[in-house]
2 protein chains.
Amino acid sequence: MNIYTQPVQELIDQFSRLPGIGAKSAQRIAFYILQSAPEEAERLTSAIQTAKREVKFCSRCCNFSSEDICELCLDQSRDLNIICVVEESRDIAVVERSGEFKGLYHVLHGAMNPIEGIGPDQLKVKELLNRLGDGQVNEIIVATSPNIEGEATALYLARLLNPLGLIVTRPASGMPVGGDLEFVDELTLGRALTARQRLTDGATDAAPV
Amino acid sequence: MNIYTQPVQELIDQFSRLPGIGAKSAQRIAFYILQSAPEEAERLTSAIQTAKREVKFCSRCCNFSSEDICELCLDQSRDLNIICVVEESRDIAVVERSGEFKGLYHVLHGAMNPIEGIGPDQLKVKELLNRLGDGQVNEIIVATSPNIEGEATALYLARLLNPLGLIVTRPASGMPVGGDLEFVDELTLGRALTARQRLTDGATDAAPV
(Lines give C-alpha, C1' and ligand atoms only; values in the text may rest on other atoms or scores of the structure.)
Protein backbone atom coordinates (compact mmCIF):
# COMPACT_ATOMS: atom_id res chain seq x y z
CA MET A 1 0.00 0.00 0.00
CA ASN A 2 1.22 3.49 -0.83
CA ILE A 3 1.61 5.87 2.06
CA TYR A 4 0.05 8.63 -0.06
CA THR A 5 -3.22 8.44 -1.91
CA GLN A 6 -2.66 8.12 -5.66
CA PRO A 7 -3.32 11.74 -6.77
CA VAL A 8 -0.94 12.98 -4.05
CA GLN A 9 1.74 10.49 -5.12
CA GLU A 10 1.28 11.53 -8.75
CA LEU A 11 1.66 15.20 -7.76
CA ILE A 12 4.88 14.42 -5.90
CA ASP A 13 6.18 12.35 -8.83
CA GLN A 14 5.50 15.09 -11.36
CA PHE A 15 7.28 17.71 -9.27
CA SER A 16 10.28 15.50 -8.63
CA ARG A 17 10.80 15.25 -12.41
CA LEU A 18 11.61 18.97 -12.54
CA PRO A 19 15.29 19.95 -12.48
CA GLY A 20 16.77 20.66 -9.05
CA ILE A 21 13.78 19.24 -7.18
CA GLY A 22 14.46 16.12 -5.15
CA ALA A 23 11.98 13.76 -3.49
CA LYS A 24 11.80 15.81 -0.28
CA SER A 25 11.27 19.15 -2.04
CA ALA A 26 8.65 17.61 -4.33
CA GLN A 27 6.78 16.31 -1.28
CA ARG A 28 6.98 19.71 0.40
CA ILE A 29 5.68 21.48 -2.71
CA ALA A 30 2.89 18.92 -3.19
CA PHE A 31 1.64 19.42 0.37
CA TYR A 32 1.93 23.18 -0.04
CA ILE A 33 -0.25 23.01 -3.15
CA LEU A 34 -2.76 20.70 -1.48
CA GLN A 35 -3.13 23.15 1.38
CA SER A 36 -3.10 26.33 -0.68
CA ALA A 37 -6.17 28.17 -1.95
CA PRO A 38 -7.64 26.75 -5.18
CA GLU A 39 -6.91 30.07 -6.95
CA GLU A 40 -3.21 29.74 -6.17
CA ALA A 41 -2.97 26.30 -7.77
CA GLU A 42 -5.03 27.64 -10.64
CA ARG A 43 -2.57 30.49 -11.19
CA LEU A 44 0.29 27.99 -11.36
CA THR A 45 -1.40 25.67 -13.84
CA SER A 46 -2.57 28.53 -16.04
CA ALA A 47 0.94 30.06 -16.02
CA ILE A 48 2.29 26.72 -17.30
CA GLN A 49 -0.45 26.38 -19.91
CA THR A 50 -0.17 29.97 -21.12
CA ALA A 51 3.60 29.75 -21.39
CA LYS A 52 3.47 26.46 -23.30
CA ARG A 53 0.78 27.84 -25.63
CA GLU A 54 2.06 31.35 -26.28
CA VAL A 55 5.82 31.20 -26.04
CA LYS A 56 7.68 30.34 -29.23
CA PHE A 57 11.10 31.22 -30.61
CA CYS A 58 11.88 34.67 -32.00
CA SER A 59 12.34 34.07 -35.73
CA ARG A 60 15.40 36.31 -35.66
CA CYS A 61 17.44 35.58 -32.52
CA CYS A 62 15.80 32.25 -31.44
CA ASN A 63 15.15 33.64 -27.93
CA PHE A 64 11.83 32.75 -26.27
CA SER A 65 9.21 35.23 -27.37
CA SER A 66 5.42 35.68 -27.33
CA GLU A 67 5.60 37.42 -30.71
CA ASP A 68 7.19 36.45 -34.02
CA ILE A 69 10.05 38.91 -33.34
CA CYS A 70 11.07 39.37 -29.69
CA GLU A 71 11.18 42.65 -27.78
CA LEU A 72 14.98 42.70 -27.72
CA CYS A 73 15.23 42.38 -31.51
CA LEU A 74 12.62 45.13 -31.97
CA ASP A 75 14.29 47.50 -29.50
CA GLN A 76 15.45 50.46 -31.65
CA SER A 77 17.86 51.69 -28.98
CA ARG A 78 20.17 48.69 -29.31
CA ASP A 79 23.37 48.47 -31.34
CA LEU A 80 22.59 46.57 -34.53
CA ASN A 81 26.24 46.06 -35.45
CA ILE A 82 27.07 43.56 -32.77
CA ILE A 83 25.56 40.19 -31.81
CA CYS A 84 26.23 38.32 -28.59
CA VAL A 85 25.87 34.56 -29.13
CA VAL A 86 24.72 32.60 -26.06
CA GLU A 87 23.91 28.96 -25.43
CA GLU A 88 20.52 29.39 -23.77
CA SER A 89 17.81 32.03 -23.39
CA ARG A 90 18.55 32.31 -19.70
CA ASP A 91 22.10 33.49 -20.53
CA ILE A 92 20.63 36.66 -22.03
CA ALA A 93 19.47 37.72 -18.57
CA VAL A 94 22.98 37.16 -17.22
CA VAL A 95 24.59 39.32 -19.93
CA GLU A 96 21.88 41.99 -19.59
CA ARG A 97 22.49 42.24 -15.85
CA SER A 98 26.17 43.02 -16.49
CA GLY A 99 25.01 46.26 -18.13
CA GLU A 100 28.02 46.11 -20.47
CA PHE A 101 26.30 45.01 -23.66
CA LYS A 102 23.80 46.96 -25.74
CA GLY A 103 23.77 44.95 -28.95
CA LEU A 104 21.60 42.07 -30.18
CA TYR A 105 21.57 38.43 -29.12
CA HIS A 106 21.50 35.04 -30.75
CA VAL A 107 20.52 31.90 -28.84
CA LEU A 108 22.16 28.67 -30.07
CA HIS A 109 20.00 26.41 -27.86
CA GLY A 110 22.95 24.37 -26.71
CA ALA A 111 26.64 23.93 -27.33
CA MET A 112 28.58 21.50 -29.51
CA ASN A 113 28.90 18.10 -27.89
CA PRO A 114 29.98 15.34 -30.29
CA ILE A 115 29.49 12.62 -27.66
CA GLU A 116 25.80 13.49 -27.35
CA GLY A 117 25.55 14.03 -31.09
CA ILE A 118 25.10 17.79 -30.91
CA GLY A 119 26.83 19.46 -33.84
CA PRO A 120 26.20 22.73 -35.73
CA ASP A 121 23.06 21.28 -37.33
CA GLN A 122 21.46 20.73 -33.91
CA LEU A 123 22.23 24.33 -32.94
CA LYS A 124 20.78 27.55 -34.34
CA VAL A 125 23.92 28.22 -36.42
CA LYS A 126 22.14 28.43 -39.80
CA GLU A 127 19.79 31.02 -38.28
CA LEU A 128 22.83 33.03 -37.17
CA LEU A 129 24.35 32.94 -40.65
CA ASN A 130 21.03 34.12 -42.12
CA ARG A 131 21.20 37.24 -39.96
CA LEU A 132 24.60 38.22 -41.30
CA GLY A 133 23.54 38.54 -44.96
CA ASP A 134 22.86 42.29 -44.97
CA GLY A 135 26.37 43.22 -43.80
CA GLN A 136 25.10 45.32 -40.88
CA VAL A 137 26.75 43.16 -38.22
CA ASN A 138 30.50 43.53 -37.84
CA GLU A 139 31.25 41.83 -34.51
CA ILE A 140 30.12 38.56 -32.96
CA ILE A 141 30.81 38.06 -29.25
CA VAL A 142 30.69 34.31 -28.55
CA ALA A 143 29.56 34.22 -24.92
CA THR A 144 29.23 30.43 -24.65
CA SER A 145 30.24 28.88 -21.32
CA PRO A 146 33.96 28.59 -20.50
CA ASN A 147 33.84 24.77 -20.52
CA ILE A 148 34.83 22.19 -23.15
CA GLU A 149 31.54 22.36 -25.09
CA GLY A 150 31.38 26.15 -24.95
CA GLU A 151 35.01 26.55 -26.05
CA ALA A 152 34.54 24.08 -28.91
CA THR A 153 31.46 26.00 -30.04
CA ALA A 154 33.35 29.29 -29.87
CA LEU A 155 36.24 27.88 -31.92
CA TYR A 156 33.85 26.47 -34.50
CA LEU A 157 32.05 29.81 -34.86
CA ALA A 158 35.36 31.70 -35.11
CA ARG A 159 36.49 29.44 -37.97
CA LEU A 160 33.11 29.82 -39.66
CA LEU A 161 32.73 33.59 -39.26
CA ASN A 162 36.26 34.98 -39.53
CA PRO A 163 36.43 34.26 -43.30
CA LEU A 164 33.24 36.34 -43.71
CA GLY A 165 35.20 39.39 -42.54
CA LEU A 166 33.53 39.49 -39.10
CA ILE A 167 35.34 40.24 -35.88
CA VAL A 168 34.73 37.26 -33.60
CA THR A 169 35.46 37.86 -29.92
CA ARG A 170 35.04 36.02 -26.65
CA PRO A 171 34.58 37.49 -23.14
CA ALA A 172 37.89 37.38 -21.23
CA SER A 173 38.62 34.54 -18.85
CA GLY A 174 40.21 35.55 -15.56
CA MET A 175 39.86 36.04 -11.85
CA PRO A 176 36.29 36.60 -10.65
CA VAL A 177 35.81 40.13 -9.31
CA GLY A 178 35.42 40.13 -5.53
CA GLY A 179 36.94 36.65 -5.32
CA ASP A 180 39.99 35.52 -3.39
CA LEU A 181 43.22 34.68 -5.26
CA GLU A 182 43.60 31.65 -3.00
CA PHE A 183 40.47 30.06 -4.45
CA VAL A 184 41.12 30.73 -8.14
CA ASP A 185 41.82 27.42 -9.91
CA GLU A 186 45.17 27.10 -11.71
CA LEU A 187 43.67 27.02 -15.22
CA THR A 188 41.78 30.25 -14.69
CA LEU A 189 44.79 31.89 -13.03
CA GLY A 190 47.00 30.73 -15.91
CA ARG A 191 44.68 32.41 -18.38
CA ALA A 192 44.42 35.50 -16.22
CA LEU A 193 48.21 35.77 -16.17
CA THR A 194 48.54 35.26 -19.93
CA ALA A 195 45.94 37.97 -20.54
CA ARG A 196 47.41 40.30 -17.89
CA GLN A 197 46.70 43.96 -18.36
CA ARG A 198 48.91 47.01 -17.81
CA LEU A 199 48.03 49.32 -14.95
CA THR A 200 48.46 52.98 -15.84
CA ASP A 201 47.72 55.79 -13.39
CA GLY A 202 45.97 53.31 -11.18
CA ALA A 203 43.45 52.36 -13.88
CA THR A 204 43.43 49.10 -15.80
CA ASP A 205 44.36 49.51 -19.45
CA ALA A 206 42.06 47.26 -21.45
CA ALA A 207 44.81 46.16 -23.86
CA PRO A 208 46.82 43.04 -22.95
CA VAL A 209 50.58 43.52 -22.34
CA MET B 1 11.58 46.43 -20.46
CA ASN B 2 11.54 42.96 -18.98
CA ILE B 3 14.30 40.61 -20.02
CA TYR B 4 11.75 37.82 -20.32
CA THR B 5 8.56 37.91 -22.31
CA GLN B 6 5.51 38.21 -20.05
CA PRO B 7 4.31 34.55 -20.04
CA VAL B 8 7.86 33.38 -19.22
CA GLN B 9 8.14 35.93 -16.39
CA GLU B 10 4.74 34.84 -15.04
CA LEU B 11 5.85 31.19 -15.14
CA ILE B 12 9.03 32.06 -13.21
CA ASP B 13 7.02 34.12 -10.70
CA GLN B 14 4.52 31.33 -10.07
CA PHE B 15 7.25 28.77 -9.46
CA SER B 16 9.21 31.06 -7.16
CA ARG B 17 6.13 31.27 -4.91
CA LEU B 18 6.48 27.56 -4.08
CA PRO B 19 8.30 26.65 -0.87
CA GLY B 20 12.04 26.01 -1.20
CA ILE B 21 12.22 27.40 -4.74
CA GLY B 22 14.26 30.57 -5.14
CA ALA B 23 14.51 32.88 -8.12
CA LYS B 24 17.29 30.86 -9.80
CA SER B 25 15.54 27.50 -9.40
CA ALA B 26 12.25 28.97 -10.62
CA GLN B 27 14.02 30.26 -13.71
CA ARG B 28 15.66 26.88 -14.31
CA ILE B 29 12.33 25.06 -13.95
CA ALA B 30 10.55 27.56 -16.20
CA PHE B 31 13.08 27.06 -19.00
CA TYR B 32 12.92 23.31 -18.51
CA ILE B 33 9.14 23.42 -18.93
CA LEU B 34 9.36 25.69 -21.97
CA GLN B 35 11.76 23.26 -23.64
CA SER B 36 10.02 20.06 -22.59
CA ALA B 37 7.48 18.16 -24.66
CA PRO B 38 3.91 19.52 -24.43
CA GLU B 39 2.77 16.18 -22.89
CA GLU B 40 5.21 16.60 -20.03
CA ALA B 41 3.86 20.04 -19.09
CA GLU B 42 0.36 18.62 -19.53
CA ARG B 43 1.12 15.80 -17.05
CA LEU B 44 2.28 18.36 -14.49
CA THR B 45 -0.75 20.62 -14.83
CA SER B 46 -3.17 17.71 -14.78
CA ALA B 47 -1.48 16.25 -11.68
CA ILE B 48 -2.03 19.60 -9.93
CA GLN B 49 -5.62 19.86 -11.10
CA THR B 50 -6.49 16.25 -10.24
CA ALA B 51 -4.93 16.54 -6.79
CA LYS B 52 -6.72 19.80 -6.04
CA ARG B 53 -10.03 18.37 -7.29
CA GLU B 54 -9.94 14.87 -5.81
CA VAL B 55 -7.92 15.08 -2.64
CA LYS B 56 -9.84 15.93 0.52
CA PHE B 57 -9.43 15.11 4.18
CA CYS B 58 -10.18 11.64 5.57
CA SER B 59 -13.26 12.20 7.74
CA ARG B 60 -11.70 9.99 10.42
CA CYS B 61 -7.97 10.81 10.70
CA CYS B 62 -7.88 14.12 8.71
CA ASN B 63 -5.09 12.78 6.49
CA PHE B 64 -5.22 13.63 2.79
CA SER B 65 -7.40 11.09 1.02
CA SER B 66 -9.16 10.57 -2.31
CA GLU B 67 -12.02 8.80 -0.52
CA ASP B 68 -14.17 9.75 2.45
CA ILE B 69 -12.14 7.35 4.63
CA CYS B 70 -8.45 6.97 3.79
CA GLU B 71 -6.66 3.70 3.01
CA LEU B 72 -4.81 3.72 6.31
CA CYS B 73 -8.02 3.98 8.33
CA LEU B 74 -9.62 1.19 6.28
CA ASP B 75 -6.60 -1.12 6.59
CA GLN B 76 -7.86 -4.08 8.67
CA SER B 77 -4.35 -5.24 9.52
CA ARG B 78 -3.62 -2.21 11.66
CA ASP B 79 -3.85 -1.99 15.44
CA LEU B 80 -7.08 -0.14 16.26
CA ASN B 81 -6.15 0.43 19.90
CA ILE B 82 -3.46 2.98 19.33
CA ILE B 83 -3.40 6.33 17.54
CA CYS B 84 -0.29 8.24 16.58
CA VAL B 85 -1.00 11.99 16.48
CA VAL B 86 1.12 13.96 14.01
CA GLU B 87 1.22 17.61 12.95
CA GLU B 88 1.06 17.15 9.19
CA SER B 89 0.15 14.48 6.65
CA ARG B 90 3.76 14.25 5.54
CA ASP B 91 4.74 13.12 9.05
CA ILE B 92 2.77 9.90 8.51
CA ALA B 93 5.28 8.87 5.85
CA VAL B 94 8.13 9.49 8.30
CA VAL B 95 6.55 7.32 11.02
CA GLU B 96 5.61 4.62 8.49
CA ARG B 97 9.19 4.42 7.24
CA SER B 98 10.40 3.69 10.77
CA GLY B 99 8.46 0.41 10.56
CA GLU B 100 7.85 0.57 14.32
CA PHE B 101 4.22 1.62 14.31
CA LYS B 102 1.23 -0.41 13.14
CA GLY B 103 -1.64 1.58 14.63
CA LEU B 104 -3.81 4.40 13.29
CA TYR B 105 -2.96 8.05 12.73
CA HIS B 106 -4.51 11.41 13.42
CA VAL B 107 -3.35 14.57 11.63
CA LEU B 108 -3.70 17.81 13.62
CA HIS B 109 -2.83 20.07 10.66
CA GLY B 110 -0.45 22.17 12.70
CA ALA B 111 0.78 22.67 16.23
CA MET B 112 -0.26 25.10 18.94
CA ASN B 113 1.27 28.51 18.43
CA PRO B 114 -0.38 31.26 20.52
CA ILE B 115 1.66 34.01 18.81
CA GLU B 116 0.19 33.09 15.44
CA GLY B 117 -3.22 32.52 16.99
CA ILE B 118 -3.21 28.74 16.54
CA GLY B 119 -4.94 27.05 19.47
CA PRO B 120 -6.83 23.75 19.84
CA ASP B 121 -9.77 25.15 17.84
CA GLN B 122 -7.57 25.70 14.80
CA LEU B 123 -6.25 22.12 15.03
CA LYS B 124 -8.13 18.85 14.47
CA VAL B 125 -8.46 18.21 18.22
CA LYS B 126 -12.26 17.95 18.24
CA GLU B 127 -12.01 15.34 15.48
CA LEU B 128 -9.54 13.39 17.62
CA LEU B 129 -11.90 13.45 20.62
CA ASN B 130 -14.75 12.20 18.41
CA ARG B 131 -12.69 9.13 17.55
CA LEU B 132 -12.24 8.16 21.19
CA GLY B 133 -15.93 7.79 22.00
CA ASP B 134 -16.21 4.03 21.44
CA GLY B 135 -13.47 3.16 23.95
CA GLN B 136 -11.48 1.08 21.49
CA VAL B 137 -8.40 3.29 21.64
CA ASN B 138 -6.27 2.99 24.75
CA GLU B 139 -3.03 4.73 23.81
CA ILE B 140 -2.26 8.01 22.06
CA ILE B 141 1.32 8.58 20.90
CA VAL B 142 1.80 12.32 20.44
CA ALA B 143 4.45 12.45 17.72
CA THR B 144 4.47 16.23 17.27
CA SER B 145 7.85 17.84 16.57
CA PRO B 146 10.34 18.18 19.44
CA ASN B 147 10.21 22.00 19.32
CA ILE B 148 8.31 24.56 21.43
CA GLU B 149 5.05 24.32 19.46
CA GLY B 150 5.16 20.53 19.27
CA GLU B 151 5.93 20.16 22.99
CA ALA B 152 3.15 22.59 23.91
CA THR B 153 0.71 20.62 21.78
CA ALA B 154 1.82 17.35 23.37
CA LEU B 155 1.37 18.78 26.87
CA TYR B 156 -2.06 20.13 25.99
CA LEU B 157 -3.17 16.77 24.60
CA ALA B 158 -1.78 14.92 27.64
CA ARG B 159 -3.81 17.15 29.98
CA LEU B 160 -6.89 16.69 27.83
CA LEU B 161 -6.66 12.93 27.30
CA ASN B 162 -5.18 11.59 30.55
CA PRO B 163 -8.43 12.26 32.49
CA LEU B 164 -10.26 10.14 29.89
CA GLY B 165 -8.25 7.14 31.08
CA LEU B 166 -6.03 7.06 27.98
CA ILE B 167 -2.30 6.37 28.05
CA VAL B 168 -0.66 9.39 26.42
CA THR B 169 2.94 8.82 25.30
CA ARG B 170 5.58 10.70 23.36
CA PRO B 171 8.46 9.25 21.30
CA ALA B 172 11.71 9.43 23.31
CA SER B 173 14.12 12.29 22.81
CA GLY B 174 17.77 11.34 22.66
CA MET B 175 20.87 10.85 20.59
CA PRO B 176 20.27 10.27 16.86
CA VAL B 177 21.27 6.74 15.82
CA GLY B 178 24.43 6.82 13.70
CA GLY B 179 25.27 10.31 14.92
CA ASP B 180 28.37 11.49 16.68
CA LEU B 181 28.24 12.31 20.43
CA GLU B 182 30.37 15.38 19.70
CA PHE B 183 27.60 16.93 17.61
CA VAL B 184 24.67 16.20 19.92
CA ASP B 185 23.38 19.51 21.37
CA GLU B 186 23.37 19.83 25.17
CA LEU B 187 19.59 19.89 25.50
CA THR B 188 19.19 16.62 23.60
CA LEU B 189 22.09 15.02 25.46
CA GLY B 190 20.57 16.17 28.76
CA ARG B 191 17.31 14.45 27.89
CA ALA B 192 19.14 11.36 26.65
CA LEU B 193 20.98 11.14 29.97
CA THR B 194 17.79 11.60 32.01
CA ALA B 195 16.08 8.85 30.01
CA ARG B 196 19.15 6.57 30.07
CA GLN B 197 18.44 2.88 29.66
CA ARG B 198 19.98 -0.18 31.35
CA LEU B 199 22.13 -2.45 29.22
CA THR B 200 21.58 -6.12 30.03
CA ASP B 201 23.44 -8.92 28.23
CA GLY B 202 24.55 -6.39 25.65
CA ALA B 203 20.98 -5.45 24.70
CA THR B 204 19.21 -2.22 25.58
CA ASP B 205 16.45 -2.63 28.12
CA ALA B 206 13.56 -0.45 26.98
CA ALA B 207 12.70 0.64 30.53
CA PRO B 208 14.40 3.78 31.88
CA VAL B 209 16.70 3.29 34.90
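Quick caveat: nothing in here was measured; it's all calculated off a predicted structure. (Residues numbered from 1 in each chain as written. Chains lettered and ligands numbered in written order. Predicted model: local features only at pLDDT ≥ 70, side-chain atom pairs only at ≥ 80, totals over all residues. Heavy atoms only, no water.)

Participant: Honestly, the side chain of Ser66 of chain A in this entry has me stumped. Any pointers?
Facilitator: Its location among the elements puts Ser66 of chain A in the loop between strand S2 (64-65) and helix H4 (71-74). Look past the residues within four positions of Ser66 of chain A in its chain and what remains in contact with it is Glu54 and Lys56 of chain A together with Thr5, Gln6 and Pro7 of chain B. (Helix = DSSP H or I, 4+ residues; strand = E, 2+ residues; numbered from the N terminus. Contact = heavy atoms within 4.5 Å.)

Participant: I tried to follow the relation of the copies chain B and chain A on my own but got confused; where do I start?
Facilitator: Rotating chain B by 180 degrees and translating it 0.0 Å along the rotation axis places it on chain A, where the RMSD comes to 0.1 Å. In the structure described here, the two chain copies are related by an operation that fits a two-fold rotation axis. No C-alpha of chain B approaches the rotation axis more nearly than that of Thr45 of chain B, which lies at 2.6 Å. A shared interface surface links the copies, since 100% of the contact residues of chain B are contact residues in chain A too. (Least-squares fit on C-alpha atoms with pLDDT ≥ 70 in both.)

Participant: Would you take a moment to explain the interface of chain B and chain A for this structure?
Facilitator: By a widely used convention, the size of an interface equals the accessible area lost when the partners come together. Taken together, the contact between chain B and chain A spans 53 residues of the former and 53 residues of the latter. Both faces combined, the contact of chain B with chain A buries some 5,000 Å², and carbon together with sulfur accounts for 68% of it. Seen at the junction of chain B and chain A, the total is two salt bridges. Of the charged contacts in the structure, one is a salt bridge between Arg17 of chain A and Glu40 of chain B, with a shortest N-O distance of 3.9 Å. Considering each element in turn, the side of chain B that touches chain A owes the most residues, 13 residues, to helix H3 (residues 38-54) of chain B. For the side of chain B that touches chain A, a count of residues per class yields 27 nonpolar, 14 polar and twelve charged. (Buried area = accessible area lost by both parts, 1.4 Å probe. Salt bridge = Lys/Arg side-chain N within 4 Å of Asp/Glu carboxyl O. Nonpolar A, V, L, I, M, F, W, Y, C, P; charged D, E, K, R; others polar.)

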